[in-house]
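This is what each chain is made of:
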Amino acid sequence: MINVWRSLRFTLAFAILLGIVYPLFFVALGRIVFPWQAQGSLISVNGRTVGSELIAQPFPQPMWFEPRPSAVNYNADGSGGSNLGPTNPALVQEVRQNLRAVLRENPGLKVDQVPASMVESSGSGLDPDIDLQDAYDQIPRISKATSLSEAWLRSLVQRDAEFPVLGLYGEPMVNVMQLNLAIWEKLHPGARVGTAR
């Protein structure tokens, strides 16, 4: 009987320690050390929250940079990839459908020029970044829709590009929300763009 009570005390102590104290400690630490990220990296325009820098969302108008396709329809409640293998007919059909949409939305772009990130969804379905070639390929469409020069849009992509740490892991990427906020600010000079608090 002593062992039963000892087991119950250990279970209760570790449930409190690992189930309550430990998570609350790291939540508090996150809010102190990384307050903006801990709150979701929310972005506001004119005082209204419009999205997060960490989670992709659709931008269906031709004037905006578009993120990678999403297997979860950009629903942050259930992130995930399609989990379809490369020989799965459903994946082939999805990529073909995405390719047709990309070519329709970006006239002048040839099939062999389309980067994989424009037609294949990311592992999370919510990747907020696109590779630089993806961004450059969207510039003619955005320039035509906004009357902003292609040179300005290209310099914007170059300015906001993020390169791999120590040049080792991954490809250079750019955040879609940052690009679209810069376009918004250029088109609406009086807009107040910032972080949501």
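None of these values were measured; they are calculated from a predicted model.

One pass over the full model with this rule turns up one salt bridge. We note a salt bridge from Asp160 to Arg159, for which the minimum N-O separation is 2.9 Å.

Within the secondary structure, Pro23 is located in helix H1 (residues 2–33). Given a relative accessible area of 32%, Pro23 falls into the partly exposed group. Linking Pro23 and Ala101, residues 78 residues apart in sequence, is a C-alpha distance of 44 Å. Setting aside chain neighbours within four positions, we find Pro23 in contact with Leu17 and Leu18.

Across all of its chains, the model carries five aromatic pairs by this definition. On the basis of an interplanar angle of 65° and a centroid distance of 4.9 Å, the ring pair of Tyr22 and Phe26 is categorised as edge-to-face. One end of the pair, Tyr22, and the other, Phe26, are both in helix H1, four residues apart, so they sit about a helical turn from each other. Aromatic rings pair up to connect Tyr22, Phe25 and Phe26 into one cluster. The positively charged end of Arg154 is found above the aromatic ring belonging to Tyr136, 4.6 Å away from the centroid.

Let us look at the nonpolar core. Within the largest apolar cluster, 24 residues are counted, with the highest numbers of intra-cluster contacts made by Phe65, Leu153, Val157 and Ile183. Contributions of two or more residues to this core are made by strand S1 (42–45), helix H5 (132–146), helix H6 (150–160) and helix H7 (176–187). With six residues, the top contributor of residues to this core is H7. Excluding residues within four positions of it along the chain, Val157 makes contact with Phe65, Leu132, Ala135, Tyr136, Ile139, Val174 and Leu179. By size, the runner-up hydrophobic cluster in this structure holds five residues, among which are Val102, Val114, Met118 and Val119.

A positive phi angle, close to 55°, is found at Asn73, a residue other than glycine. In this structure, Tyr74 takes a positive phi of about 60° despite not being glycine.

Conventions used here
Residues numbered from 1 in each chain as written. Predicted model: local features only at pLDDT ≥ 70, side-chain atom pairs only at ≥ 80, totals over all residues. Heavy atoms only, no water. Salt bridge = Lys/Arg side-chain N within 4 Å of Asp/Glu carboxyl O. Helix = DSSP H or I, 4+ residues; strand = E, 2+ residues; numbered from the N terminus. Buried < 20%, exposed > 50% of the residue type's maximum accessible area, 1.4 Å probe, protein only. Contact = heavy atoms within 4.5 Å. Phe/Tyr/Trp six-rings, centres within 6.5 Å; stacked < 30°, edge-to-face > 60°. Lys NZ or Arg CZ within 6 Å of the ring centre and 35° of its normal. Core = buried A, V, L, I, M, F, W, Y, C linked by side-chain atoms within 4.5 Å.

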